[in-house]
2 protein chains.
Amino acid sequence: MDLSELDSFLDRTDLDGYLIEADGEDPSQRYLSGFTAPDPFVTLYTGETRLLTSALEYGRAKRTARADGVERHAEFDHKAFVAEYGPTEGKHRTIAAFLDAHDVERVAVPEDFPIGTADGLRELGVAVQTDTDAIVESIRATKTDREIDHIRAAQSANEAAMARAEELLGAASVDGGRLVYEGEPLTSERLKEAIEIDLLRNGYALDETIVACGADAADPHDRGSGPLEAGEPIIVDIFPRSKETGYYGDLTRTFCVGEPSETVQSWYDLTLEAQRAALEVIEAGVSGSEVHDAVCDIYEDAGLPTLRADGDAETGFIHTTGHGIGLDIHEYPRLSEQEIELEAGNVVTVEPGLYDPTVGGVRIEDLVVVTEDGHENLTSYEKELPVDPDR
Amino acid sequence: MDLSELDSFLDRTDLDGYLIEADGEDPSQRYLSGFTAPDPFVTLYTGETRLLTSALEYGRAKRTARADGVERHAEFDHKAFVAEYGPTEGKHRTIAAFLDAHDVERVAVPEDFPIGTADGLRELGVAVQTDTDAIVESIRATKTDREIDHIRAAQSANEAAMARAEELLGAASVDGGRLVYEGEPLTSERLKEAIEIDLLRNGYALDETIVACGADAADPHDRGSGPLEAGEPIIVDIFPRSKETGYYGDLTRTFCVGEPSETVQSWYDLTLEAQRAALEVIEAGVSGSEVHDAVCDIYEDAGLPTLRADGDAETGFIHTTGHGIGLDIHEYPRLSEQEIELEAGNVVTVEPGLYDPTVGGVRIEDLVVVTEDGHENLTSYEKELPVDPDR
């Protein structure tokens, strides 16, 4: 983990430290502190990393956090402050005392730092400045080899779950146009359950999974529900997070059991072409927008709508090409219309797709590491619209 | 859902609206909007509820949100703003234009509203005032019958998962002091997996579960790992969330396979007594601190340390008695040293416990609804330290 960019940011801005107050799931806090907890805690970076926790988290933080020091509320008169000023201002005063103990008078905070604490600290004389450059998110965007290994492991577990999904689809029979597996309708819910149990057994958690068929699949964020149908494209999008490391994988395939319509097959082929074009462009120094443009070009050349051509488009290619991934499912950099120069060590999804309620949806998503002269694809799952019955 | 408190708050403070910008998992945003999404969106309450979303979430928000109106970024020149001012200020200008379109010049925001957006809106002439009374969290604390049903359902699924855990413990044999199930060591990890698969099959997700034995169990937030041991207290704490409704359950039992030590048995009995004393006190009009005091009294009378008696205590009763639960796992009200008057419709955990690395940990947790003259316990799982082999 190279925090030299953060050091020079603090030097340059003449600030004493970088302050995060968030729950332990906050990716930047977890990144800086190496600690996670169900309740909010405070991380201060001044060149050294210091944590301020509740009594409840103190022992575990001391044992497991990647920090130069861990202190708890009680060391800064928290109880007396709360008794005198109430829980909200009491907390602000405790944090101010913690900052004061470390000679910190001026802090940068991330854009999502809570306004209540920011304004509270300001009233107590602490200068609080929003870091509009998202410096920690920007540092997080460039992964170490160790982080890439965590993401590779997540994607590998992800592929095993995708194979489990395809296995069920391949083993399904068709009754009245609908898929049936082991005598019961094969629904989106059943397939998601099989995927999630497979991942759980491997140490990965997910709040949601997308298995969307027909009109459901035409909405890129619809999770899907109900019976899966033969001859319709079925989007399976899985984004598990390692319970141990906190890093995500992200993988989408589109399957069809039985004969797809000509439109769906042509959309699939076009999407594969768009993904190849995007992957071709990716390398360090290129802008995320160039990657996105490669996808939009293919789709627009084929006469299909894109958000680039029409900001109001509701069908066609109606999302961005990809996003960074790490301790957060969506993070820097973006492969979108924004000009963001890719760097070696970025890990991004590449996921073109086409959507229309009258057709359904098609999306193909890989996860790749940006390298100096191209990319390394962390995904090896095959790309075939027809389900492979031998999975 | 009764938002009249929010209406009178807006009247009283002479503010035009209540603004939330957060991802869809944010409990207050989900509460107000009836919508959830993986990426951040904006909810504005002015008496009516209006959403501002990305193109990607727009269709689903229109179909499923509990809102009087849904608009998307494109309707407020988002693309032009981003092109001229960059993504951050561009977003602020889009939100400001959205507010302006609804004649909103002065907004209240929750304490955890992002400082970046708050300061950005202020620079654009919007008055942004932090709601230090946590009005939406306070409204959320009083549940409707429908919400209580959602929590009851979660707790019922939770009890089934606890029974599955106890079933495995009851079926385990002992080899060299360690538990063995179906020929393999019964570890914390295996028990958690069985619990989580059971919940997943019922539509509940969890990022983590606590199955902590021995010294692990002495840290109330340690998730536990490794082999489970005979004769040691095993804390099983499960907090699943419904994938459909978003509401949580929360349940802890402590088990022992084989003979517990005298200390562990006496701690268990004392904790049960402390829980009964707390439940006895609970009713509308009582302060959360009175409930907490009932627990502390029992423990202190028995000569055991508490955080109430000694803010630096690292053993004994080192957390609060309970917390509200709903769309968030920890929410208002608290059963702690804070003076918070309980109201009918609050749903709180009651979870006394004792901890010491040389002994292990013991915790017993139920989930109850506060009523006018007492409480309704949503938990019926039996409380017995020795594992029931007939589960």
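Every value quoted in this text rests on a predicted model; they were computed, and no experiment measured them. (Residues numbered from 1 in each chain as written. Chains lettered and ligands numbered in written order. Predicted model: local features only at pLDDT ≥ 70, side-chain atom pairs only at ≥ 80, totals over all residues. Heavy atoms only, no water.)

Draft legend 1. Examining the overall build of chain A more closely. A count of helical and extended segments in chain A gives 10 helices and 21 strands. The C-alpha radius of gyration computed for chain A amounts to 24 Å, which stays within 12% of the reference 21 Å derived for 391 residues, consistent with globular compactness. Taken along its principal axes, the extent of the C-alpha atoms in chain A is 70 × 45 × 35 Å. Counting all 391 residues of chain A, 59% fall into the buried class. Residue pairs in contact within chain A that sit at least 24 positions apart in sequence constitute 61% of those at least 6 positions apart. In the form shown here, chain A has an accessible surface area of approximately 14,800 Å², with 43% of it arising from carbon and sulfur atoms. (Helix = DSSP H or I, 4+ residues; strand = E, 2+ residues; numbered from the N terminus. Rg over C-alpha atoms; globule rule 2.2 N^0.38 Å. Buried < 20%, exposed > 50% of the residue type's maximum accessible area, 1.4 Å probe, protein only. Contact = heavy atoms within 4.5 Å. Areas by Shrake-Rupley, 256 points an atom, 1.4 Å probe, with all protein chains shown as cover.)

Draft legend 2. Representation of the relation of the copies chain A and chain B within the structure. Laying chain A over chain B is done by rotating through 180° and shifting 0.0 Å along the axis; what remains is an RMSD of 0.0 Å. These values place the two chain copies in the arrangement generated by a two-fold rotation axis. Interface overlap between copies: 100% of the residues of chain A at the interface are likewise at the interface in chain B, consistent with a symmetric, same-surface contact. (Least-squares fit on C-alpha atoms with pLDDT ≥ 70 in both.)

Draft legend 3. Just the domain arrangement of chain A, in detail. Residues and elements named next belong to chain A. Along its sequence, chain A is organised into domain 1 (4-140) and domain 2 (142-377). Relative to domain 2, the C-alpha centre of domain 1 lies at a distance of 36 Å. Tallying the contact residues gives nine residues for domain 1 and 12 residues for domain 2. When residues of domain 1 are sorted by the area they lose upon contact with domain 2, Arg30, Glu137 and Arg140 head the list and together hold 55% of the total. (Domains from an automatic or database assignment. Buried area = accessible area lost by both parts, 1.4 Å probe.)

Draft legend 4. Summary view of the sheet that holds strand 8 (residues 178-181) of chain A. All names here are of chain A. One open sheet accounts for three strands, arranged 7-8-9; its pairing is antiparallel. Strands at the two margins of the open sheet, each flanked by one partner only, are strand 7 (173-175) and strand 9 (184-185). Where strand 7 meets strand 8, three bridges bridge the pair, whose relative direction is antiparallel. When the bridges of strand 8 are listed, Val174 appears paired with Leu179. (Pairing = 2+ DSSP bridges.)

Draft legend 5. The arrangement of the nonpolar core in detail. Grouped together as the largest cluster of nonpolar side chains are 36 residues, with contacts concentrated most on Leu19(A), Leu99(A), Leu19(B) and Leu99(B). For this core, the secondary-structure elements that each account for two or more residues are strand 2 (41-45), helix 4 (78-101), strand 5 (106-109) and helix 5 (115-123) of chain A together with strand 2 (41-45), helix 4 (78-101), strand 5 (106-109) and helix 5 (115-123) of chain B. Discounting residues that sit within four places of it in the chain, Leu99(A) has contacts with Leu19(A), Leu44(A), Val104(A), Val107(A), Leu121(A) and Val126(A). (Core = buried A, V, L, I, M, F, W, Y, C linked by side-chain atoms within 4.5 Å.)

Draft legend 6. Local environment of unusual backbone geometry. Residues and elements named next belong to chain A. A cis geometry characterises the amide bond from Tyr332 onward to Pro333, with omega recorded as -15°. Relative to the assigned elements, Pro333 resides in strand 16 (residues 331-335). In this structure, Ala134 is a non-glycine residue whose phi angle is positive, near 50°. Position of Ala134 relative to the elements: it lies in the loop between strand 6 (127-130) and helix 6 (135-141).

Draft legend 7. Structural context of the packing of helix 4 of chain B against helix 5 of chain B. Residues and elements named next belong to chain B. Where helix 4 meets helix 5, the axes come as close as 9 Å, and the angle between the chain directions of the two elements is 65°. Remark: the crossing between helix 4 and helix 5 carries right-handed chirality. Residues Lys91, His92, Ile95, Ala96 and Leu99 of helix 4 lie in contact with helix 5, whose contacting residues are Gly116, Thr117, Gly120 and Leu121. Counted by class, the contact of helix 4 with helix 5 contains four nonpolar, four polar and one charged residues. (Axes fitted to C-alpha atoms, helices over the stretch in contact; angles between N-to-C directions. Left-handed = near helix turned anticlockwise from the far one by under 90°. Nonpolar A, V, L, I, M, F, W, Y, C, P; charged D, E, K, R; others polar.)

Draft legend 8. Seen up close, the UniProt feature "domain: Creatinase N-terminal" (unreviewed entry) in chain A. With numbering aligned to this structure, UniProt lists the feature "domain: Creatinase N-terminal" (unreviewed entry) at residues 5-141 of chain A. As a span, residues 5-141 of chain A carries 48% helix and 20% strand, and end to end its C-alpha atoms are 12 Å apart. (UniProt positions renumbered as here; feature names shortened; annotations may be inferred.)

Draft legend 9. Quick peek at the packing of aromatic side chains. If you walk through the whole model with that rule in mind, you get 10 aromatic pairs over all chains. Relative to Phe317(A), the ring of Tyr299(A) lies with its centre 5.2 Å away and its plane at 50°, an arrangement referred to as tilted. Taken as a pair, Tyr299(A) in helix 10 (residues 288-301) and Phe317(A) in the loop between helix 10 and strand 15 (322-324) lie far apart in primary sequence, 18 residues in all. Take Tyr299(A) and Phe317(A): they sit in the same class, and that class is buried. Seen from their ring centres, Phe81(B) and Tyr85(B) are 6.4 Å apart, and the 45° between their planes marks the pair as tilted. Residue Phe81(B) and its partner Tyr85(B) are both found in helix 4; the two are separated by four residues, about one turn of the helix. Judged by its relative accessible area of 19%, Phe81(B) falls in the buried class. (Phe/Tyr/Trp six-rings, centres within 6.5 Å; stacked < 30°, edge-to-face > 60°.)

Draft legend 10. Highlighting the UniProt feature "domain: Peptidase M24" (unreviewed entry) in chain A. Those places that UniProt annotates as "domain: Peptidase M24" (unreviewed entry) correspond, in this numbering, to residues 150-372 of chain A. End-to-end, the C-alpha atoms of residues 150-372 of chain A are 21 Å apart, and along that stretch the chain is 31% helix and 25% strand.

Draft legend 11. Main features of the environment of Ile235(A). All names here are of chain A. Locating Ile235 in the fold gives a position in strand 12 (residues 233-238). Judged by relative accessible area, which is 2%, Ile235 ranks as buried. The spacing of Ile235 and Ile139 is 96 residues in sequence and 33 Å in space, taken between C-alpha atoms.

Draft legend 12. Seen up close, the interface of chain A and chain B. At the junction of the two partners, chain A supplies 56 residues and chain B supplies 57 residues. The junction of chain A with chain B conceals about 4,500 Å² of combined surface from both sides, 47% of it contributed by carbon and sulfur atoms. Taken together, chain A and chain B are joined by 14 salt bridges. Taken together, the links from chain A to chain B amount to 26 residue pairs in polar contact (both at pLDDT 80 or more). Of all the elements in the fold, those that place two or more residues in the side of chain A that touches chain B are helix 3 (55-64), helix 4, helix 5 and helix 8 (188-201) of chain A. For the side of chain A that touches chain B, the element with the most residues is helix 3 of chain A, which contributes seven residues. Across the side of chain A that touches chain B, the residue classes break down as 21 nonpolar, 12 polar and 23 charged. (Salt bridge = Lys/Arg side-chain N within 4 Å of Asp/Glu carboxyl O. Polar contact = N/O pair within 3.5 Å; in protein donor to acceptor, adjacent residues only side chain to side chain.)

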